[in-house]
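What the coordinates show
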Amino acid sequence: MTKMTSLKGVKTLPLNTILDGDCIDMMNSLPAESVDLIFADPPYNLQLKGDLHRPDNSRVDAVDDHWDQFSSFAAYDAFTRDWLAAARRLLKPNGAIWVIGSYHNIFRVGTALQDAGYWILNDVVWRKSNPMPNFRGKRFTNAHETMIWASKSEGAKYTFNYEALKSLNEGIQMRSDWVLPICNGGERLKDANGEKAHPTQKPEALLHRVLVGATNPGDVVLDPFFGTGTTGAVAKMLGRDWIGIEREAAYRTVAQKRIDNIRKFDKSALEVSQSKRAEPRVPFGQVVERGMLRPGEMLTSATGKTAKVRADGTLVGNDVKGSIHQVGAHLEGAPSCNGWTYWHFKREGKIVPIDVLRQQIRAEMRET
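My aim in this report is to walk through the structure given alongside it, one point at a time. Only a predicted model underlies this, so the values are computations on that prediction, with no experimental measurement involved. (Residues numbered from 1 in each chain as written. Predicted model: local features only at pLDDT ≥ 70, side-chain atom pairs only at ≥ 80, totals over all residues. Heavy atoms only, no water.)

This part is about the overall build of the protein. Helix and strand content of the protein: 12 helices and 15 strands. The buried share of the protein, taken over its 368 residues, is 45%. Taking as baseline every contact in the protein between residues at least 6 positions apart, the subset at least 24 positions apart corresponds to 66%. Total accessible area computed for the protein in this model is approximately 19,500 Å², and 49% of it derives from carbon and sulfur atoms. (Helix = DSSP H or I, 4+ residues; strand = E, 2+ residues; numbered from the N terminus. Buried < 20%, exposed > 50% of the residue type's maximum accessible area, 1.4 Å probe, protein only. Contact = heavy atoms within 4.5 Å. Areas by Shrake-Rupley, 256 points an atom, 1.4 Å probe, with all protein chains shown as cover.)

Pasting the structure below:
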């Protein structure tokens, strides 16, 4: 069970906990370089002037809460710089941040990100499939929000599960415009009076895509503007540890109840598609020294080329000696060759690609 707490300086991370307090103070109390990913949904500073009504004169439940109100752009900018600085201190060297906003604030946030030393990787447009209409009819329907994805610094490494996102998108490379519905129906949390518990609750689908794409199981995800806990709920389902910071008691109560009712997916369900480059490297020589192929054994290609295995893990074929890749490329007159898929061996009358032996070794490595 998760818990809510407040703290003054800690040496270990309060994992899977909602912290009660100001986000800047709370982040500054946590250990430096301890978080893998930060997802931030800060106040948008909407600057609403008066009530908003539908054509039937019913009042729209817009964002007019005190936490979204700032005295000036300068005050908002100062707040943004302070929380971004605290967030950057928390990120591991290979950590990253996602910040979501609307046209009211995202350009100011983007400037502050760059000024603070972050390196912007992408801006992602969340295009809402069911946006709220523009009731006054004086502007375009505001049908999207923008997310900025940034690494901690220029040249820093970061997590990007390209193959997993491609799989989510039916085998097509994931684009930077995401069409997803706003939070509604049964997912929309209600308070004791049956009203929306939070005016800007984000859909779980949005966080699912972010966390699958930019984190791995066991990573620590921090949300400094936790609200009703969408980040924590999705992180728990996906086997990530999380930390939430929220100063509003009503939101903390709703988030706590929500997350306590979440069940973590089992280990096999948390595995995602990996790039072949992410697999452990297996030298062909290891196949030879383990006796899976013997020196002197002949390999063949689908085009009828042949080469002999040597004791040091190289091949000899016709007038060329070298690696499985070099010999294959030479025999085909090609600039390059993937020897693992090019070469085959014979077992019990069947032609088998040597890549089967590499996968066998990799499976053993995963088990240890």
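As a further point, take helix 3 (residues 106-115). Listing the buried residues of helix 3 in full gives Ile106, Val109, Gly110, Ala112 and Leu113. Seen end-on, helix 3 carries its buried residues on one side only, within an arc spanning 165 degrees. Residues of helix 3 that are exposed and angled more than 90 degrees away from the buried face: Phe107, Gln114 and Asp115. Where helix 3 is buried, its residues meet helix 2 (73-90), strand 4 (91-101), strand 5 (119-128) and strand 6 (144-151). Following helix 3 by one or two positions, glycine 117 has its phi on the positive side, about 105 degrees. (Arc of directions from axis to C-beta.)

Attention now moves to the pattern of salt bridges. If you walk through the whole model with that rule in mind, you get 13 salt bridges. Aspartate 41 is the partner of lysine 202 in a salt bridge, and the nearest nitrogen-oxygen pair spans 2.9 Å. A residue pair is termed long-range when its members are at least 10 positions apart, and lysine 202 in the loop between strand 7 (177-180) and helix 5 (204-214) and aspartate 41 in the loop between strand 3 (35-40) and helix 2 qualify at 161 residues. Linking arginine 247 and glutamate 248 is a salt bridge whose minimum nitrogen-to-oxygen distance equals 3.7 Å. Using a relative accessible area of 47% as the deciding quantity, one classes arginine 247 as partly exposed. Using a relative accessible area of 19% as the deciding quantity, one classes glutamate 248 as buried. (Salt bridge = Lys/Arg side-chain N within 4 Å of Asp/Glu carboxyl O.)

Our focus in this paragraph is unusual backbone geometry. Backbone geometry follows two general trends: most residues other than glycine have a negative phi, and most peptide bonds adopt the trans configuration. We note that asparagine 16 has phi near 55 degrees; this positive angle belongs to a residue other than glycine. Mapped onto the elements of the fold, asparagine 16 is located in the loop between strand 1 (3-5) and strand 2 (17-19). Non-glycine residue glutamate 170 carries a positive phi angle of around 55 degrees. When you line up the elements, glutamate 170 lands in the loop between helix 4 (162-168) and strand 7.

The next thing to look at is the nonpolar core. By size, the foremost hydrophobic cluster in this structure holds 35 residues, and its most contacted members are Leu37, Trp98, Met147, Trp178, Leu206, Val210 and Leu211. It is helix 5 that contributes the most residues to this core, 6 residues altogether. Contact partners of tryptophan 98, with chain neighbours within four places excluded, come to Leu37, Ile38, Phe39, Ala40, Val124, Met147, Ile148, Trp149, Trp178, Val210 and Ala214. By size, the runner-up hydrophobic cluster in this structure holds 31 residues, among which are Leu30, Leu91, Val99 and Ile245. (Core = buried A, V, L, I, M, F, W, Y, C linked by side-chain atoms within 4.5 Å.)

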